[in-house]
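# Reading the structure
The primary structure of each chain is shown beneath.
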Amino acid sequence: MIPQLLFFYFGGVTVLSAIVAVASPNLIYSALSLLITFIHIAGLYILLHAEFIAAVQIIIYAGAILVLYLFVLMLFNPKQESRYLHRQVPVAIFLGLVLCGMMILAAFRSEILGQRGTPDPSVSPVQAIGVSLYTDYIFPFEMASFILLVAMFGTILLAGRFVQRRNE
Amino acid sequence: MIPLEWYLTVGFLLFAIGVIGVLVRRSIIMVLLSIELILNSANITFIAYAHALQSITGQVIVFFILTMAAAEVALGLALVIALFRARAVLNVDEINLLRGCALLKIALFWGYFLTALFPCEGVSRSGLPAGGF
């Protein structure tokens, strides 16, 4: 009974604060309600026994990405427009609801054909993730670090301000 | 025991909200923020299936998605800052630098790029026609 109640709390607050984030005219309020969304998604991960991913979700999404958004928002301080929504609102809502309905229908009607894993009870999940990252997924791991390096270079090149030398 | 489909429903609702946000909002920062919602819905789906199948692979893939999301946010916000410095717009409807004869502009851009790399006689330095277009 308790896990169901916790699921409804986390899932409901996730969806509601996501709606607030998309619909709020104030960008700061949008970012803050997205923070609530991320923290409750971490709660859903804990319900799914993915504690490591929950911690990483809070550290990276709520700690790093949201702070980046808030920095940019406060740097620009964009004025609150009266017409902040595009005129294609009905089309967008129709499209989103149809998409969501079709996916939920597919989720309830289909059955899983995938192979079940065999978890080793002597190894903790975090240890299993670490071993899997450094053995089976070592090449994607290195590619991810390379992607982060390229993103860092690109960010410095795009957003940095270079002072030109006067006498060359 | 919570069935798998409930978690999937939460993920799909988040996906729909993210898609609606991308289509509806006019500020480019909000469009990037809605893309975060879409990525999170993918993460919820992966973790739910990893729990249902008792596999660790889903969690590893979510780890990579988190890495990619961090890189995407950093690059996207840097692009927004560069765009705001160049043209002082944040509205997606007013960002139309490549609109119109887009192919011609792309061709001219590559012409500029190549003449800058390999300068030769008789080709103007900019590669652009004198009167503009």
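Right above here is the structure, for reference.
The structure reproduced in this document is the subject of the present report. (Residues numbered from 1 in each chain as written. Chains lettered and ligands numbered in written order. Predicted model: local features only at pLDDT ≥ 70, side-chain atom pairs only at ≥ 80, totals over all residues. Heavy atoms only, no water.)

A few words now on a nonpolar patch on the surface. Residues and elements named next belong to chain A. A cluster of nonpolar side chains, contributed by Tyr134, Ile138, Phe139, Met143, Phe146, Leu149, Val150, Met152, Phe153 and Ile156, occupies part of the molecular surface with about 1,000 Å² of accessible area. Among the elements that take part in the nonpolar patch, helix 6 (residues 138–159) stands out by supplying nine residues, more than any other. Looking at the element boundaries, phenylalanine 139 is found in helix 6. Among the residues examined, phenylalanine 139 registers a relative accessible area of 59% and is labelled exposed. (Patch = residues over 30% accessible without salt bridge, like charges linked within 9 Å, V, L, I, M, F, W, Y side chains within 5 Å. Areas by Shrake-Rupley, 256 points an atom, 1.4 Å probe, with all protein chains shown as cover. Salt bridge = Lys/Arg side-chain N within 4 Å of Asp/Glu carboxyl O. Helix = DSSP H or I, 4+ residues; strand = E, 2+ residues; numbered from the N terminus. Buried < 20%, exposed > 50% of the residue type's maximum accessible area, 1.4 Å probe, protein only.)

With that settled, the discussion passes to the packing of aromatic side chains. For the structure shown, the criterion picks out 10 aromatic pairs over all chains. Geometrically, the ring pair formed by Phe7(A) and Trp6(B) is tilted, given 5.8 Å between the ring centres and 35° between the ring planes. Here Trp6(B) lies in helix 1 (residues 4–24) and Phe7(A) lies in helix 1 (residues 2–23), a pairing that spans two chains. Residue classification places Phe7(A) among the buried positions, given a relative accessible area of 4%. Given a relative accessible area of 30%, Trp6(B) falls into the partly exposed group. Here the aromatic cluster, defined as three or more aromatic residues joined through ring pairs, consists of Phe7(A), Phe8(A), Trp6(B) and Tyr7(B). (Phe/Tyr/Trp six-rings, centres within 6.5 Å; stacked < 30°, edge-to-face > 60°.)

Interhelical geometry of helix 3 (residues 51–76) of chain A versus helix 2 (residues 28–52) of chain B gives an angle of 175° and a closest axis separation of 12 Å. The angle between helix 3 of chain A and helix 2 of chain B places the two elements in the roughly antiparallel class. Counted together, Ile53(A), Gln57(A), Tyr61(A), Ile65(A), Tyr69(A), Val72(A), Leu73(A) and Phe76(A) of helix 3 of chain A and Ile29(B), Leu32(B), Leu33(B), Glu36(B), Leu39(B), Asn40(B), Asn43(B) and Ile47(B) of helix 2 of chain B form the full contact between these two elements. Class assignment of the residues belonging to the contact of helix 3 of chain A with helix 2 of chain B gives a composition of 12 nonpolar, three polar and one charged. (Axes fitted to C-alpha atoms, helices over the stretch in contact; angles between N-to-C directions. Parallel < 35°, antiparallel > 145°, perpendicular 65-115°, else oblique. Contact = heavy atoms within 4.5 Å. Nonpolar A, V, L, I, M, F, W, Y, C, P; charged D, E, K, R; others polar.)

If you look at the interface, chain B gives 66 residues, while chain A gives 82 residues. Carbon and sulfur atoms make up 78% of the surface buried where chain B meets chain A, a total of about 6,900 Å² over both sides. Our enumeration of links across chain B and chain A arrives at nine residue pairs in polar contact (both at pLDDT 80 or more). Looking at the side of chain B that touches chain A, the elements that each hand over two or more residues are helix 1, helix 2 and helix 3 (57–87) of chain B. Ranked by residue count, the leading element in the side of chain B that touches chain A is helix 3 of chain B, at 22 residues. Counted by class, the side of chain B that touches chain A contains 49 nonpolar, 11 polar and six charged residues. (Buried area = accessible area lost by both parts, 1.4 Å probe. Polar contact = N/O pair within 3.5 Å; in protein donor to acceptor, adjacent residues only side chain to side chain.)

So, about the environment of Met152(A). All names here are of chain A. Among the structural elements, methionine 152 can be located in helix 6. Using a relative accessible area of 46% as the deciding quantity, one classes methionine 152 as partly exposed. With 27 residues separating them along the chain, methionine 152 and proline 125 place their C-alpha atoms 31 Å apart.

Attention now goes to the nonpolar core. Counting residues in each nonpolar core, the largest one holds 62 residues, and the members touching the most others are Tyr45(A), Tyr69(A), Tyr7(B) and Ile29(B). In this structure, Ile29(B) is in contact with Tyr69(A), Val72(A), Leu73(A), Phe76(A), Val80(B) and Leu90(B), ignoring residues within four places of it in sequence. With six residues, the next largest nonpolar core counts Ile129(A), Leu133(A), Phe63(B) and Phe64(B) among its residues. (Core = buried A, V, L, I, M, F, W, Y, C linked by side-chain atoms within 4.5 Å.)

A positive phi angle, near 60°, is found at His49(A), a position not held by glycine. Here His49(A) lies in the loop between helix 2 (27–47) and helix 3. The phi angle at Gln54(B) is positive, at roughly 55°, despite the residue not being glycine. Checked against the element boundaries, Gln54(B) lands in the loop between helix 2 and helix 3. Given the relative accessible area of 36%, Gln54(B) is considered partly exposed.

Turning to the side chain of Glu36(B), a few remarks are in order. Note on placement: Glu36(B) falls in helix 2. Those residues in contact with Glu36(B) that sit more than four places away from it in its chain are Phe38(A), Tyr61(A), Ile65(A), Tyr69(A), Ala69(B), Glu72(B) and Val73(B).

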